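Structural overview for review
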Amino acid sequence: MTSLRIPLLLLLLLLGLTGCEKTPGIHKETLYVFGTLVEISLYDVAPEKAAAVVGELNQTFRKMHEDWHAWKPGALTELNSAIARGETVETLPSIIALIERSRELSQLSGGLFNPAIGHLVGLWGFHQDDLPKGSLPDFDRIKERVAANPTMDDLILDGTQVASRNPLVKLDFGAFAKGVALDEAVRILKSRGITNAIVNAGGDLNVIGRPGDRAWKVGIRHPVDWGVIASVDLADGEVLYTSGNYERFREHEGIRYAHIIDPRTGMPVTHIVSASVLHRDGGLADAAATALSVAGPPGWEKVAEAMGLDHVLLVDDNGTVYATPAMIKRVTFEPGEAKRMVVSGQP
Ligand code: AMP
Ligand code: MG
């Protein structure tokens, strides 16, 4: 999973929780997991109950973190090693569920969201906690990995056994696991009787209910200048996920190479853009935000349609906003921030 730098995370958290700080009755706790700060805000819950449920979420997240990590030794790295050796191997039911769901989402995205491209992510240096430095990867190897065309369809599942037709598949659920984790967190919170809460992992968030008599107000950040470009009120059960090539990147000779890779070319996404998806399914929104970042303008509309997304907003480095009509109705732009607006389906 990705690991972001702390100052950036703090900022994202602030953006994600505009206004919550001052709200009375909110019990807030921050966990550090998935290489990010996860802030859990529970509204009107007794402190003992809040502590118990946050403890449960912490354990759940830690298990996912260990089991699904793309480069630290654990269940997923074992599976990836077995795939590389051409062996069939038994894995965890939770990983099978990730494979099945992400396979569907990958197909819907036309392969732009592709968790089988772990080798490419690793070659670009993003399978480490620190940001990569130094010379760029060997482009012949990048080409080789692209030509091998690893996809989720290469995997053959039989119960909890996994085999791959393609030894160059390497699973990396960094674009998707956070959404799945937050969906699970919300399920746990509800099962413990929590009716009003927000779970925010570095700006990707799921909400339940509302804090008092207003909605959860969250910010969508500008891809370049750290400011908030717009805010949106989220209703019970909604989620908002933003993916951007500004989050993790390497810099070489003045060029930024982002952690989001275009599976078709093996190259990092170069256009600066952030893609936000408002939905009711965190796993889908997370995967879709990554796919939309790869697509960028103008290809994003097709991806949004194929993935069944009504609420999408992209922002590029010029401040041009690309959005669906439904999303435009939901967001409030900061004065002067949306410099140019391109709404899908409108001339
Ligand atoms: P996100 O921040 O959700 O967009 O996820 C980005 C992370 O997903 C990267 O750090 C990689 O681990 C992984 N990744 C990069 N490119 C892709 C892609 N095209 N499809 C799926 N996962 C990707
Ligand atoms: Mg994502």
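Below, the structure is looked at part by part. (Residues numbered from 1 in each chain as written. Chains lettered and ligands numbered in written order. Predicted model: local features only at pLDDT ≥ 70, side-chain atom pairs only at ≥ 80, totals over all residues. Heavy atoms only, no water.)

Considering the sheet that holds strand β18 (residues 331-333)
What links the strands of a sheet is backbone hydrogen bonding, and the strands pair in either a parallel or an antiparallel sense. Reading across the sheet, the three strands line up as β8-β9-β18 and stay open at both edges, with antiparallel pairing between neighbours. At either end of the open sheet lies a strand with only one pairing partner, and these are β8 (216-221) and β18. Averaged over all adjacent pairs, the angle separating strand axes in this sheet is 30 degrees, with direction ignored. Across six bridges, the pairing between β8 and strand β9 (residues 228-234) is antiparallel. Bridge assignment links Lys217 to a residue of β9, and that residue is Asp233. (Pairing = 2+ DSSP bridges. Helix = DSSP H or I, 4+ residues; strand = E, 2+ residues; numbered from the N terminus. Axes fitted to C-alpha atoms, helices over the stretch in contact; angles between N-to-C directions.)

A closer look at the pairing of β8
Here β8 lies mainly inside the structure; five of its six residues are buried. The turn linking β8 back onto β9 is made up of six residues, and Trp226 within it adopts a positive phi angle of 70 degrees. (Buried < 20%, exposed > 50% of the residue type's maximum accessible area, 1.4 Å probe, protein only.)

Looking at the packing of helix α2 (residues 47-68) against helix α7 (residues 177-191)
Direction vectors running N to C along α2 and α7 enclose 155 degrees, while the axes themselves pass 10 Å from each other. The orientation of α2 relative to α7 falls into the category roughly antiparallel. Crossing of α2 over α7 shows right-handed handedness. Across from Val53, Glu56, Leu57, Thr60, Phe61, Met64 and Trp68 in α2, the residues of α7 making contact are Ala177, Val180, Ala181, Leu182, Glu184, Ala185, Ile188 and Leu189. (Parallel < 35°, antiparallel > 145°, perpendicular 65-115°, else oblique. Left-handed = near helix turned anticlockwise from the far one by under 90°. Contact = heavy atoms within 4.5 Å.)

Concerning the site of ligand 1
Near ligand 1 you find 19 residues, and of these Asn114, Asp172, Ser243, Ile261 and Thr290 are the closest. Contact distances for ligand 1 include 2.7 Å between an oxygen atom and a side-chain N or O atom of Asp172. Here an oxygen atom of ligand 1 and a side-chain polar atom of Thr290 are 2.6 Å apart. No other element matches the three residues that helix α8 (residues 282-306) contributes to the shell around ligand 1. (Near = heavy atom within 4 Å. Polar contact = N/O pair within 3.5 Å; in protein donor to acceptor, adjacent residues only side chain to side chain.)

Section: α8
Its 25 residues place the ends of α8 only 17 Å apart at the C-alpha level, less than the 36 Å of an ideal helix rising 1.5 Å per residue. Along α8, 18 of the 25 residues are buried, which leaves the element largely enclosed by surrounding structure. Gly308, located one to two residues past α8, shows a positive phi value of around 70 degrees. (Expected span 1.5 Å × (residues − 1).)

What about the nonpolar core?
Counting 70 residues, the largest nonpolar core has Leu42, Phe61 and Leu171 as the members making the most contacts within it. At 12 residues, the largest contribution of residues to this core is made by α8. Excluding residues within four positions of it along the chain, Phe61 makes contact with Leu31, Val33, Phe34, Val38, Ile40, Ala181, Leu182, Ala185 and Val199. Counting 20 residues, the second-largest nonpolar core is a separate cluster that includes Leu205, Ile220, Ala230 and Leu240. (Core = buried A, V, L, I, M, F, W, Y, C linked by side-chain atoms within 4.5 Å.)

Comments concerning the sheet that holds strand β5 (residues 161-164)
The sheet built from three strands is open, its strands ordered β3-β5-β4 with antiparallel pairing. Two strands close off the open sheet at either side, each with one partner strand: β3 (89-90) and β4 (155-158). For β4 and β5, the ladder comprises four bridges, and the chain directions are antiparallel. Bridge pairing in β5 links Leu157 to Val162. Contacts between helix α4 (residues 93-108) and the sheet are confined to β4 and β5, with β4 contributing the most and set at about 130 degrees to the helix.

That is the geometry; function is a separate question.
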